[in-house]
Amino acid sequence: MTQFTDLGLAKPILKALADKGYTQPTPIQAQAIPIVMKGRDLLGIAQTGTGKTAAFALPILHRLAEDRRPAPRRGFRCLVLSPTRELATQIADNFKAYAAHLGLSVATIFGGVKYGPQMRALAAGVDVVVATPGRLMDHLGEKSATLGGVEIFVLDEADQMLDLGFVVPIRKIASQLPKDRQNLFFSATMPGEIGKLAGELLKNPASVSITPQATTVERIDQSLIYIEAQRKRPLLAELLSDKAVERSIVFTRTKRGADRVAKYLTAAGIEAASIHGDKTQGQRERALAAFKAGEVKALVATDIAARGIDVNDISHVFNYELPNVPEAYVHRIGRTARKGKDGVAISFCSDDERSLLKDIEKATRQKIPSFDRRNDKALAAAAAVADKLAPAEKYVDPRKADPRNNVPSELRRKRNRNGGGQGKSAPGKGGQGGGQQAQGRGEGRNGGRGKGGGQGQGQGQGKAAAGGGDFRGPKRGVQQVETRWSPID
Ligand code: AMP
């Protein structure tokens, strides 16, 4: 078995790995690290949970440390693009931990928070910046960031970037990068458009592919319960009261659904919190911290908010509603059974979700063992009480309620089309967070919704939505319209 010590990584990096108790590289690390250390471009097919962050962070830090030089003012030597702020934070935390004994600097750039600290962090130059595309575009537009010093460019979760309409901004960012650079490209899946983007960005790449699903899925005890839609909440409360459930993620299809379920569970005496794009950054961080600390038994989340969140020891995943896309089922249940542990995944299926179940079983080539709890009198009685605690949600056709539910498909298509905008904005003018939000990328969602605790005004959102892929910044006095969306659903 390869050990980290066999890979030729710099001593301070090995020390940081030892601090974390990591001795053996995961398969993607064993494959990718030597390639990246040589300076080659890399195409990695892998998802969160495989150890992919360290697979690029370790050799990048090694290379930066080997050839130390100051980053240019407002510039950085390594740029990592991530689709969501949670993932960006997680990646940056990983970099910081591995760089603990190297003296290299790491900063994050994402929406929903103030510009000032980010500008100050960038001012003198940084070794590694982990950014979401929207806010980075804002900084480039404002000239508070420059890409001229980038030696290594990492695009993480490329398929999710496509889903969120980030392909055009990515192309714009890439067009400003120095030609002579190393590119690393990671994606869990390779739809055509992502393959095309990879082809444009990568030069003679080596490729590594890790598909952990099979092994992960094998360790997950999956089951499915047929249940009436309106009785799902009491059923969930019943299942959550089992002592075996230590820490769980409950997936709903919509943000409002997540809130309602969390509210109901709390009223039913079960510690629960919800996490989605309408929450302020502070609320999301607090919910995650409480969840990690074990104070919250059930974290109720929408797909995109939960994706990429790295919390270990999740004993159970509940699919309160089945996802519209079968791949999301695999992503969801993969939140449990991490780090070699076992896990339980229980999915609820109401009559209107039968076709979604069919799709999932077809895509995963398995039949999920099922139980029928329909016509359960005890649940019917509890459901009546539930309605009083937190009124049930109106029925929404699951086919129409896309997990990125507030992203009008036309808007998403336009964003992914070339020529969709200029990335110019005026963060200083639009209110912190507002500039980002105005671009409809949602990282500044808080601002856009006016819920950001004064972080933004959201004035530009209507403009962005109306413009459909127009990445101009906010304008004062532009009315907010309803067709807004957030990638962090
Ligand atoms: P990632 O796929 O990068 O999100 O990593 C998944 C989890 O595995 C994270 O909690 C990492 O800190 C952890 N991890 C990464 N590499 C290793 C390793 N070689 N040994 C043990 N744990 C690791």
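Note that the structure is predicted; figures quoted are calculated from it, not measured.

1. Some thoughts on the overall build of the chain
- On a plain count of helices and strands, the chain comes out with 22 helices and 14 strands.
- In the chain, which comprises 489 residues, the proportion classed as buried is 56%.
- At a minimum sequence separation of 6, the contacts of the chain that also span at least 24 residues come to 75%.

2. A look at the site of the ligand
- Around the ligand sit 13 residues in total, of which Tyr22, Thr48, Gly51, Thr53 and Ala54 are the nearest.
- If you tally residues by element for the shell around the ligand, the top one is helix α3 (residues 52-66), at three residues.
- Residues that form the shell around the ligand fall into these classes: three nonpolar, eight polar and two charged.

3. Side note on the packing of helix α11 (residues 232-240) against helix α12 (residues 255-267)
- Between α11 and α12, whose axes approach to 10 Å, the crossing angle comes to 55 degrees. Taken together, the axes of α11 and α12 lie oblique to each other. Crossing of α11 against α12: the hand is right-handed. Residues Arg233, Leu236, Ala237 and Leu240 of α11 lie in contact with α12, whose contacting residues are Val261, Tyr264 and Leu265.
- In terms of residue class, the contact of α11 with α12 is built from six nonpolar, no polar and one charged.

4. A short note on the environment of Ala305
- Inspection of the secondary structure puts Ala305 in helix α14 (residues 303-306).
- Since 28 C-beta atoms lie within 10 Å of it, Ala305 is described here as buried.
- Sequence-wise, Ala305 and Gly277 are 28 residues apart; in three dimensions their C-alpha atoms are separated by 6.7 Å.

5. Points about helix α15 (residues 326-333)
- A large share of α15 lies buried, amounting to six of its eight residues.
- Of all the positions in α15, only Ala328, Tyr329, Val330, His331, Arg332 and Ile333 are classed as buried.

Parameters and conventions
Numbers given to residues run from 1 along each chain, matching the order in which its sequence is written. Note on the predicted model: pLDDT of at least 70 is required for a residue's local features to be given, and 80 or more for side-chain atom pairs to be given and counted; whole-chain, interface and lining totals, by contrast, use all residues. Only DSSP runs of H or I with at least four residues qualify as helices, and only runs of E with at least two residues qualify as strands; both kinds are numbered from the N terminus onward. Any residue surrounded by 20 or more other C-beta atoms within 10 Å of its C-beta is treated as buried, while 12 or fewer makes it exposed and the intermediate range makes it partly exposed; C-beta atoms here are placed from the backbone. Residue pairs are scored as contacts if the distance between their C-beta atoms, which are placed from the backbone, is within 7 Å. Being near a molecule or strand means, for a residue, that its backbone-placed C-beta atom lies within 6 Å of it. All residues other than Ala, Val, Leu, Ile, Met, Phe, Trp, Tyr, Cys, Pro, Asp, Glu, Lys and Arg, Gly among them, are scored as polar; the first ten of these are nonpolar and the last four charged. Axes here refer to lines fitted to C-alpha atoms; in helices the fit is confined to the stretch in contact. Angles between the N-to-C directions go from 0 to 180 degrees. Each angle receives one of four descriptions, namely roughly parallel if under 35 degrees, roughly antiparallel if over 145, roughly perpendicular if within 65 to 115, and oblique otherwise. Crossing handedness is read from the near helix: turned anticlockwise from the far helix by less than a right angle, it gives a left-handed crossing, and turned clockwise, a right-handed one.

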